[in-house]
Structure formats: C-alpha cells, structure tokens
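Listed here are the chains, written in short residue letters.
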Amino acid sequence: MHLSETGLTLLKRSEGFRGSVYRDIAGFRTIGYGHRLLPGEVFANGITFAIGEELVAKDVLIAEANVNRLVKVELTQGQFDALVDFVFNLGSGRLATSTLLAELNAGRYEAAAQQLLAWDHAGNVEVAALRIRRHAEFELFNQEEAA
C-alpha cells in the first residue's frame, strides 16, 4: 500500500515545514517536514520548499516500506495512513516493539487503535502537539471506508 493524499496532508500538517535545521522535541537535527538529518547531511544554507518536498517523499517511502513489512494483517487505507504517519514520526523501531503492533497483528484492530493514543509523550512529559497528532491518527485509523 501507499500513503494517500489524506495521510500525506496529516503528516505535513503535523510536522510543519522548516527551511532551516532545528532540533526536534527529541533533540534530533531535523529540517523540512521532519526529515532527520542523516550522516553527512548539513544543509548549512537551509532548503527550499521543493527540496523539502523531495525529502518528505523519500522519507514517506521508507515509512511505507516499514509498515508494509511489519504489519501482517489486512489494513484499510485509513489504517495504513495512520500507521505510516506514526512510523514517520516515531520510527519503525518503535512500531516493531510496540503493543500496538502486537495487537494489530493479532487481529485486535480496536485495541491497536487505542494504543495509538498512548504515544503522546516525549520522555515523561505529555506533549499537546503529539496528543493532537495521535488523536488524528486514531480518527484516521477508525474511519469508515468510502463505499
């Protein structure tokens, strides 16, 4: 599966765009739509919006591949989109070792959806922006598919 426009809109809205390098809430050097700088990436002069679009497209492909690899049950588009956003934000390692994935792969979709809501902290601090993002993912995960 691939991320839909709805999922991409959520991701971009949640991440926001920054043309200069900044440290995200976890302290990682980041640019654009939440692109974590890789070894050797500097962007000393910042990036344009177009470069940000290229970076997010590449990062989304990685998140999609990880969701497709880790999830062993059928997903609706909304469920897939929510999980790609989750992985984009937190990384595939967090999904791989999560109760969320265990519940999902056991076919307990409702329990998996509830697990999304637990990921609204940075360290021991609840973060309002993460709470909003997780609720948006929860809604996307639970949306009824169009007929």
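Preceding this paragraph is the structure being described.
In this report, we go over the structure that sits alongside the text. Just so it is clear, the model here is predicted, and its values are computed rather than measured.

**A closer look at helix α3 (residues 77-90)**
Item 1. Between its first and last C-alpha, α3 extends 20 Å over 14 residues, near the 20 Å set by a 1.5 Å rise per residue.
Item 2. Burial of α3 is extensive: 12 of the 14 residues sit out of reach of the surface.
Item 3. By the burial criterion, the buried members of α3 are G78, Q79, F80, D81, A82, L83, V84, D85, F86, V87, F88 and N89.
Item 4. Here the buried face of α3 lies against α1 (5-15), α2 (49-70), α4 (92-96), α5 (99-105), α6 (109-116) and α7 (128-142).
Item 5. Taken from the residues just after α3, G91 is the one with a positive phi, measuring 95°.

**Structural notes on the environment of D81**
Item 1. By the element assignment, D81 lies in helix α3.
Item 2. Relative accessible area serves as the criterion here: at 2%, D81 is assigned to the buried category.
Item 3. Between the alpha carbons of D81 and L3 there is a distance of 5.5 Å; along the sequence they are 78 residues apart.

**What about the packing of α1 against α7?**
Item 1. Where α1 contacts α7, the two axes come as close as 11 Å, and the packing angle between them is 175°. What the angle tells us is that α1 and α7 run roughly antiparallel. Note on element contacts: α7 touches α1 through R133, A136, E137 and L140, opposite T6, G7, L10, L11, R13, S14 and E15.
Item 2. Tallied by class, the residues present in the contact of α1 with α7 amount to four nonpolar, three polar and four charged.

**Focus: the sheet that holds strand β2 (residues 29-32)**
Item 1. The sheet built from three strands is open, its strands ordered β1-β2-β3 with antiparallel pairing. What marks the edges here is a single partner per strand, and that holds for β1 (18-23) and β3 (35-36).
Item 2. As defined by bridge partners, β1 adjoins β2 across three bridges and the pair is classed as antiparallel. From the neighbouring strand, R23 faces β2, where its bridge partner is R29.

Thresholds applied
Residues numbered from 1 in each chain as written. Predicted model: local features only at pLDDT ≥ 70, side-chain atom pairs only at ≥ 80, totals over all residues. Heavy atoms only, no water. Helix = DSSP H or I, 4+ residues; strand = E, 2+ residues; numbered from the N terminus. Expected span 1.5 Å × (residues − 1). Buried < 20%, exposed > 50% of the residue type's maximum accessible area, 1.4 Å probe, protein only. Contact = heavy atoms within 4.5 Å. Axes fitted to C-alpha atoms, helices over the stretch in contact; angles between N-to-C directions. Parallel < 35°, antiparallel > 145°, perpendicular 65-115°, else oblique. Nonpolar A, V, L, I, M, F, W, Y, C, P; charged D, E, K, R; others polar. Pairing = 2+ DSSP bridges.

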